[in-house]
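Tertiary structure, described
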Amino acid sequence: MKQTPASPAPVHFKLVIDANDPHAQAEFWAAALHYEVEDNSALIGKLLGFGALPEEATVDFHGRRAFRDLIAVRHPEDPFDEESGTGLGRRLLFQRVPEAKTVKNRLHLDLHPGEGRRDEEVARLEGLGASALRRVKEQGGEWIVMADPEGNEFCVQ
């Protein structure tokens, strides 16, 4: 009998977003999505202890050590590695880059707050620092294009 190879497991991924201030972006998106900012302080402590990470590569973030140039948010119900604090499911990772956003995103998030809740959600997101850019009404649907505090576009349907 001929054996067939096992089906490959789905590929795990995270969405990486360039940012001038990754920690502020993480706070915004954690609040926007009702996600949690990852706590990597245990991992950072180990790396500092081994001499594998210089002190200047860290910052204080809400009373705990965080990487200076990157930070992630994760879905609160997804699994995570307790030793490192790293999420193992739906995640957004914000990494520091020196340049500001200058052109339209090639990739963006669409938020779906639920039937009849779009305007309420847009107001909540504006309260967190987002800006409404325009309303779109097309044959395929209706949504509001917004920008996060650093100008990255996303849609609320």
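Below is a short write-up of the structure. Residue numbers restart at each chain and count upward from 1, following the sequence in its written direction. Note on the predicted model: pLDDT of at least 70 is required for a residue's local features to be given, and 80 or more for side-chain atom pairs to be given and counted; whole-chain, interface and lining totals, by contrast, use all residues. The side-chain values count all of the structure's non-hydrogen atoms but skip hydrogen atoms and water molecules.

**Side note on the nonpolar core**
Buried Ala, Val, Leu, Ile, Met, Phe, Trp, Tyr and Cys residues form a nonpolar core when they are joined through side-chain atoms within 4.5 Å. Only protein chains enter the accessibility calculation, which uses a 1.4 Å probe; a residue is then buried when its area is under 20% of its type maximum, exposed when over 50%, and partly exposed in between. Trp29, Leu125, Met146 and Phe154 are the most contacted members of the largest nonpolar core, which has 22 residues in total. Helix and strand labels come from DSSP, where a helix needs a run of H or I of at least four residues and a strand needs a run of E of at least two; each type is numbered from the N terminus. Among the secondary structure elements, those contributing two or more residues to this core are strand E1 (15-19), helix H1 (22-33), strand E5 (70-74), strand E6 (91-96), helix H3 (118-128), strand E9 (141-147) and strand E10 (153-156). Considering each element in turn, this core owes the most residues, 5 residues, to H1. The contact rule is simple, with two residues in contact once any of their heavy atoms fall within 4.5 Å. In contact with Leu125, other than residues within four places in its own chain, are Phe28, Ala32, Leu111, Ala130, Met146, Phe154 and Val156.

**Examining the environment of Ala66**
Within the secondary structure, Ala66 sits in strand E4 (residues 64-67). Distance in space between the C-alpha atoms of Ala66 and Glu142 is 39 Å, their sequence separation being 76 residues. Those residues within four positions of Ala66 in sequence are excluded, and the remaining contacts are His23, Ile44, Ala57, Thr58, Val59 and Phe61.

**Re the sheet that holds strand E2 (residues 36-37)**
Reading across from one edge, E1-E6-E5-E2 is the order of the 4 strands in this open sheet, with mixed pairing throughout. Looking at strand neighbours, the two that pair on one side only are E1 and E2, the edges of this open sheet. The pairing of E1 with E6 spans 5 bridges and is parallel. Note on E6: the bridge partner recorded for Asp18 is Gln95. Here an axis means a line fitted to C-alpha atoms, over the contact stretch when the element is a helix, while the angle between two N-to-C directions is reported on a 0 to 180 degree scale. Set on the sheet, H1 makes contact with E1, E2, E5 and E6; between it and E6 the angle comes to about 160°. Paired strands, in this sense, are two strands between which DSSP finds at least two bridges.

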